[in-house]
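Observations on chain architecture
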Amino acid sequence: MTSAGQMPEVFARRPRRADARRNYDALVVAARDAFAEHGAAASLEDVARRAGVGIGTLYRNFPTRRHLFEAVYVEEVRALCSSADDLAELPPWDALVAWLHRFVAYVATKRALAEQLLHDSEIFQSCRTEIYAAGEPLMRRAQGAGVVRDDIGFDDVVRLISGLTMAQFPSPEQRDRVLGVALDGLRPAAAAR
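This one's a predicted model, so the numbers in the text were calculated from it and none came from an experiment.

Conventions and cut-offs
- Within every chain, residues take consecutive numbers counted from 1 along the sequence as written.
- pLDDT decides what is reported in this predicted model: residues at 70 or higher carry local features, side-chain atom pairs at 80 or more are listed and counted, and totals for whole chains, interfaces and linings draw on all residues regardless.
- Values shown for side chains rest on all heavy atoms present in the structure; no hydrogens or waters enter the calculation.
- By definition here, a salt bridge exists when the distance from a side-chain nitrogen of Lys or Arg to a carboxyl oxygen of Asp or Glu is within 4 Å.
- Secondary structure is summarised from DSSP: a helix means a run of H or I of at least four residues, a strand means a run of E of at least two, and numbering begins at the N terminus for each.
- Buried means the residue's accessible area, taken with a 1.4 Å probe over protein chains only, is under 20% of the maximum for its type, while exposed means over 50%, and partly exposed covers the values in between.
- Helix axes are fitted to C-alpha atoms over the stretch in contact, other axes to C-alpha atoms as well, and angles between N-to-C directions run from 0 to 180 degrees.
- For classification purposes, angles smaller than 35 degrees are called roughly parallel, those larger than 145 roughly antiparallel, those between 65 and 115 roughly perpendicular, and all remaining angles oblique.
- In this scheme the crossing of two helices becomes right-handed for a clockwise turn of the near helix relative to the far one and left-handed for an anticlockwise turn of less than a right angle.
- Any two residues whose heavy atoms approach within 4.5 Å at even a single point are treated as in contact.
- Ten residues, namely Ala, Val, Leu, Ile, Met, Phe, Trp, Tyr, Cys and Pro, are considered nonpolar, four, namely Asp, Glu, Lys and Arg, are considered charged, and the remaining ones, Gly among them, are considered polar.
- Pairing of aromatic rings covers Phe, Tyr and Trp, the last through its six-membered ring, and needs centres within 6.5 Å; plane angles under 30 degrees mean stacked, over 60 mean edge-to-face, and all others mean tilted.
- A helix is expected to span 1.5 Å multiplied by its residue count minus one.
- Comment: arc refers to directions from the helix axis out to C-beta atoms.

Next up on the list: the pattern of salt bridges. This model, assessed by the stated rule, comprises 12 salt bridges. Close ionic contact of glutamate 76 with arginine 32 constitutes a salt bridge, the shortest N to O distance being 3.8 Å. Of this pair, glutamate 76 sits in helix H5 (residues 65-86) while arginine 32 sits in helix H2 (residues 18-38), and the two are 44 residues apart along the sequence. Glutamate 76 sits in the buried class, given a relative accessible area of 14%. Overall, arginine 32 belongs to the partly exposed group, its relative accessible area being 28%. Note that glutamate 70 is salt-bridged to arginine 66, the shortest N-O span being 3.1 Å.

Okay, structure coming up:
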């Protein structure tokens, strides 16, 4: 899980008062939805309206559009990483597959945000480290159980799934079928048949 010490500039901005924190959280959720629908050019006035706050509240919390991008990105990473803990009780294969499905959903949101964030920025690199720290244990557990090939690494899987998400699918059902085909490729040869 991401700690405030690893990404201080984002977490330092999160308000301490409960009412201000509710506004902050509502703005992050509204921005995530707006960016997913309209991309990085989504209207900040629309974000404030969706959050039920004034534009002044948005700018008090996020002085620049980039600050808002960073907050949404970090919150998405935190949710993805914490979901790994939620899956710990599942059998190894099921846990890995469920987490990778969540990773696919995360990448869809990330695409709009990544356009605005530098891939070599401290926040981007910290988030990448957190994603690997959450996903690698799931994969190692699945490999230890013999349900995932042992000749691949987590970085291979991240690149495979990330590449798959770059394709435009006419429906979520087709995306899920293609993801299923890719996931079958992770299984040892005898299990994939």
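Below, the discussion takes up the packing of helix H8 (residues 154-165) against helix H9 (residues 172-184). Across the interface, H8 lies against H9 with an axial gap of 11 Å and an inter-helix angle of 160°. Judged by the inter-axis angle, H8 sits roughly antiparallel to H9. As H8 runs across H9, the sense of the crossing is right-handed. For the pair H8 and H9, contact is made by Leu160, Ile161 and Leu164 and by Val178, Leu179, Ala182 and Leu183, respectively. Classifying every residue of the contact of H8 with H9 gives 7 nonpolar, no polar and no charged.

A separate point is the packing of aromatic side chains. Tallying each qualifying case throughout the model produces 7 aromatic pairs. Both rings, one in phenylalanine 35 and one in phenylalanine 69, keep their centres 4.8 Å apart while their planes meet at 45°; by these two values the pair is tilted. Remark: phenylalanine 69 occurs in helix H5 and phenylalanine 35 occurs in helix H2; sequence separation between them is 34 residues. Phenylalanine 69 shares its class with phenylalanine 35; the two are buried. On the numbers, 5.7 Å between centres and 40° between planes, the contact of phenylalanine 103 with tyrosine 106 is tilted. Residue phenylalanine 103 and its partner tyrosine 106 are both found in helix H6 (residues 92-114); the two are separated by 3 residues, about one turn of the helix. Classification of phenylalanine 103 by relative accessible area gives buried; the value is 4%. Three or more aromatic residues joined by ring pairs form one cluster here, namely Tyr73, Trp99, Phe103, Tyr106, Tyr132 and Phe154.

On to H8. For an α-helix, 3.6 residues make a turn, and residues three or four places apart therefore share a direction. For H8, built from 12 residues, the straight-helix expectation of 16 Å at 1.5 Å per residue is met to within 8% by its first-to-last C-alpha distance of 17 Å. Taken together, the buried positions of H8 are Phe154, Val157, Val158, Ile161, Ser162, Leu164 and Thr165. An end-on view of H8 places all buried positions within 160° of arc, on one side of the element.

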